[in-house]
Structure formats: structure tokens, C-alpha cells
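Residues per chain are reported as follows:
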Amino acid sequence: MRVDGRRLESALLGLRHVVVDVPLHLEAPGADEARAERRKLLSQIDDYLLPRLRQSGAPVLVALVGSTGAGKSTLMNSLVGAHVSNTGTRRPTTNSPVLACHPGDARWFAENVFLPTLPRVRQQGLAMPGRDGLLVLAENEGMPEGVALLDTPDIDSVVQAHREFAHQFLDASDLWLFMTSAARYADAAVWDLLQQARDVGASLAIVLSRVQPASARQLSAHFDAMLEANGLSGVQRFMIAETVLAGGMLPPEIYGPVREWLDETSVQQERRVAVLTQTMSGVLDTFRTRVPALAEHVEGQLSLLAELWAQAEGCYAAGLAEFDEATRSGSLLRGEILARWQDFTGTGDLLRMLQVRRNGRPVGRPRKRQVPARAKALKAALRGGLETLVASLADRAAEDAVAKWQQGDAGAALIRKFAAGRAAATPGGVTFGMIAQLDFIPSGAGREQQEADLGGAAALARSSPDLATRAARAISAWQDHVMQLVKAENVTKRSVARVVSFDEESLALVLTIGMLGDGAGGAAAAEGASAVPHRLLSSLFGAGQLRELGARARLDLHERVSRLFDEELQRFGVIINAAGAPDDRSASSLREAAEVLEACR
């Protein structure tokens, strides 16, 4: 079936867009492998699939790849008939790739069509060492038209960048000409790459070099057996005997079979089509499993994101639950609050707040009396006790959340990023908006970085510097709300109301004490901290209305503190969001793009 090139190109561009947009910043299990796989997918799309689709008439690109000392550069020079690639005993010899082609084919490679992200330079005269990461174009009449030969760095080079270049060039090539020596053909690196070629369905030929004539038959049999055991028995294979070089080149009778094979590839249309079809189809076949696997990792990132948020959220939810219990159990009615309450009630200020009506008749509006100093002291003690409770619970929630995050790689990495944000922040303090502009800190941090991490964790494990101010405003506003409840309800028993009136602010204090000791027992109840206000309030409001009023006051306090804790929790949300986590559609978008691509084949 004939493939519509434009549809296939559009589908590849759609898949590329989705892959680029998927962030993989969280340190989930397998994150490094997923990031490498994403880079490889993009490299294959950008460096091979799209250029080959757009330039189907371009020469077949043959990557000459292999292990150290196999003689790749010598073979390339011999095939070209000129010294276009450096040779020598110094390793690594090839520090930048050399692409040899016929002058008539140079236009296909001079422009950044193939390997578009790689800078290139035309070779002048004899081969000279190039810079790492630079593609050297060597035009020569000795190359057959329709075929280009790319000498790549060693796959087992001691320089990591060279190994990465070699794999990048393989991903951009139509045909792999793999070369290894009689001394190195059994090395693990050799078979890792050959198995990779098999798995991606790449067009492949193999050269076994530096073979001693006396052992050629035995070595050939062993090598063939290894190829068959690895599913490569049908691969085209050449053997180059150990020989004396003439002018740094192999004798024609030695490299001749390889040159003849290249010539046939350049002129035989059927072979050309077979090579291109096999390699492109092989790469696209791997997308059927690789893209869904990447989608699964994205889902893992989303699950981890939800877990990190749930951990932090759970710590603050526990803090809020503890606050609710502390404001119900009477545990606050101790220390200064208890002392101020006893001072307020024991000196008669509580009774003086009641205004007796003469002869049971109203005497007009109750006169406004100044709130006793002891009542003010009690109100301040209550406010201070609640503020202290909020601050201590918020600190504990932050500390617990940081401890949970540090138990996993993802959370620990986010804390390191937060520490980096603090180090780069302005002197006025941490600016959370700056975190999004920072890169992640590698997990293998040194001592200085570890110290910075500890500082960042310590800052995150405390509540915000302005929490005390916000808590003071919230508690003060709640006290005003309780007084407004008392004033607005006017719910005193009618029989009592004919005898007494009351000061709303003082009565609001009594309601607060009664609410805080609603579930009190033990020492608090024994000392009368909750019993006295409960009896007084029941006589004034009635038991049912008292419960309703207390529930409304308690709910309002809960909501105000809940908002404070939500604001504190958002510090962790900002850090998570700054990590650039994938959205809920990312995984499904990857699968849909892969399905569209498959439908176009």
C-alpha cells in the first residue's frame, strides 16, 4: 500500500508537538530513562524521519560506526580514495563526524536538512581534526553518487559526548555499516548496538576487520554463530584481513567487496527503496510501544504529583482537626486564659456586666459602660492563645509535610529546587514566583549544595513569616463576629429579659469560654472554667439556642483557620506547579497522536 507522505509528515509533526510539550521534571521512578527516551524520539523525528520524508530523493546516508580501533577511518579513506578522515593510534581519533559524498550530492547535506541542529563546515584540503559536535563535509569525486558515508565517533569511546554523537548519527542514518575488529567483536558494547539495530529494524551490514588469515575460518564460524544467536543471521557481512597499509589505505582487493556493495546501493533503485523502507518502517514500528510507554510514565508523574499534594494536604488537614479538638476539649482553658477568667469572675466583673431593671420595667436603652480592664485582659489572652495554637499547628504541619517529601526522590528534588529559589531570591525573602525560572538541582549534590538544601528545607518546614499577622487579624475578626452574633440574635429568655440586660462584649467573652470548654473534662471542668459560663449562658439563652449559637461561632472559627492553613498549604502547591508537571490530558494526547501516526502508515 502506498503511503501518503504529506499525511505521514503531518502526523509526525503532531506527535512531535505532543512529545515536546510533555514535561518530565518530577523524579519519578524511571524518570531519567523516560527523559532519554523523549530525547531519542525527538532526535529520530527531527534528524531522520521528517528530513527523509521531505527529501526522499536525497542520497542514502550510510553511518560507519563501530568500536575503538576497528579501522573505520582507514576503511572510509580507502573507500573514498582520499584522506578525508583522521587515522592514528591516538584514541579517540574521530572527535567530530566526517561526511563524505560526491560533489553533486553536497547540496543535500550543506543545508541543515539532515541533522538540522548540528553545525557543519566544508573540509578544505587534507583531513584535519575538527571540533566536537561539528559535522565536517568532505566532497570527493571518489564517492559514488547517491550514497554518502558518515564516519562516526567510537561507540565505546572514553568520551561520553562521542558515544552520544555516535547514537545520534545512527538515528539520522538510512543504513548502518557496523565495523568491529577480531580482537573486539565479542565485547558487550558491540552486541548492545547490534541488538539495538535489530530491535529498531535498521538496515545493517557488518564488517569484521583485522582478521589474521590463519584464524579466519575459525573466527568467521564463531562470529556467524553469535550473529545467528542474536537474530542477525541474514545480515550482509564482510571480512577484512590484517594487512599492510599502502599510504595509509587498504589494498583495493581488501576493501573492494565493501566498495562494490556501496556502488550497487547507489545505482540499484530496488536496493535503495528496500533500504529506506526497512529503516523508516523499523523506526516507526518502535513508536507503537515506545510512545505508549512514555504515556505510562506521564501517568506515573501525575500519580506522583497527586501523592505529593495529598501528603502536604493531609498534614494541614491533621493540623486543622487538632485545632478543632483543642477548641472543643477545654485544653486551652489553662495557664493565662484560666487565670484571666478566674480574675474576671472572682472580682465580680462578670456579675456587674448585668444591669438590673427597676421594678421589672425597662429603663430605656442600657447605658454604655466601659468594658472592665479584666475583661479586656481576658479577651487578649483568648486571642493570644488561639493565635499561638494556630502558629504551632501550622509549623508542625509544614514540618511533617517536608519530612514526608524528603522520604522520596521527587519530593526531595522539589525541596532542593526550593532551596535554589531561596538562594537566588531578593534580600527581602523568598519570591515563590522565581522558582519557576530555575532548573532542577542534580541529585548528586556536593556539600555546599547539601547545606543549601538543609536551609531550604528548614525554611519550608516553618510557617510563613507573615502567618502571625494574618492569624491575629483572623482571630480578632472572629471575636468581633462572636460579639455580633450575641448582639444580632437577642435570644435571652423573655422572663430573664424583664429583669436584666447585659453588655454584649462581656457576654461574648462568656460565650467564647463556654464554646472552648464545651467538651471539657478533668482539670478544666473541676476548676469551673467551663461549668460557670455554661450555667450562665443556659439561663440567658436557653439550652437549644445556646447550642445553635455555639455551633455557628465554632464553624466560623473553623472556616477562618481553615483559610489560613489553605494559604500555608499553597506554598507547597506553588513548588509543585513550578516543577512543570504534565496536565491530565498529556498521556491521552500521546496515545492519540501515536494512533493517528499508525493510521497514516
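Refer to the structure presented above.
Residues numbered from 1 in each chain as written. Predicted model: local features only at pLDDT ≥ 70, side-chain atom pairs only at ≥ 80, totals over all residues. Heavy atoms only, no water.

## Side note on the overall build of the chain
Across its full length, the chain holds 21 helices and 10 strands. Within the chain, the fraction of its 601 residues that count as buried is 50%. A separation of at least 24 residues holds for 79% of the contacts in the chain among residues at least 6 apart in sequence. (Helix = DSSP H or I, 4+ residues; strand = E, 2+ residues; numbered from the N terminus. Buried < 20%, exposed > 50% of the residue type's maximum accessible area, 1.4 Å probe, protein only. Contact = heavy atoms within 4.5 Å.)

## Notes on the side chain of Q44
Here Q44 lies in helix 2 (residues 31-54). A residue is classified by how much of its surface remains accessible, and Q44, at 2% relative accessible area, is buried. Among all residues touching Q44, those that are not within four sequence positions of it are L49, D171, V283, F287 and R290.

## Looking at the nonpolar core
Counting residues in hydrophobic clusters, the biggest one holds 66 residues, and the most contacted among them are F323, W405, L414, L557, F565 and F572. Residue contributions to this core peak at 14 residues, all from helix 12 (residues 373-406). Beyond its immediate sequence surroundings of up to four residues, L557 is in contact with F323, T327, L386, I475, W478 and M515. Counting 32 residues, the second largest nonpolar core, distinct from the first, contains L79, I254, L262 and V275. (Core = buried A, V, L, I, M, F, W, Y, C linked by side-chain atoms within 4.5 Å.)

## Digging into helix 8 (residues 252-267)
Residues that lie three or four places apart on an α-helix share one face, since the helix turns once every 3.6 residues. Approximately 30° is the largest bend angle found in helix 8, and it occurs at V258. If you check which residues of helix 8 are buried, you get I254, Y255, V258, W261, L262, T265 and S266. (Bend = angle between axes of the 7 residues up to and from the residue.)

## With respect to the packing of aromatic side chains
Each pair of aromatic rings is reported with the distance of its centres and the angle of its planes. One pass over the full model with this rule turns up 6 aromatic pairs. Note on Y316 and F565: the rings are 6.1 Å apart at their centroids and 65° apart in plane angle, and the pair reads as edge-to-face. You can see Y316 sitting in helix 9 (residues 269-329) and its partner F565 sitting in helix 20 (residues 543-578), a full 249 residues away along the chain. Here the two residues Y316 and F565 agree in accessibility, since each one is buried. With centroids separated by 5.2 Å and ring planes inclined at 85°, the aromatic side chains of W405 and F572 adopt a geometry described as edge-to-face. Of this pair, W405 sits in helix 12 while F572 sits in helix 20, placing them 167 residues apart in sequence. F572 carries the same exposure label as W405, and that label is buried. Here the aromatic residues Y316, W405, F565 and F572 are joined through ring pairs into a cluster of three or more. (Phe/Tyr/Trp six-rings, centres within 6.5 Å; stacked < 30°, edge-to-face > 60°.)

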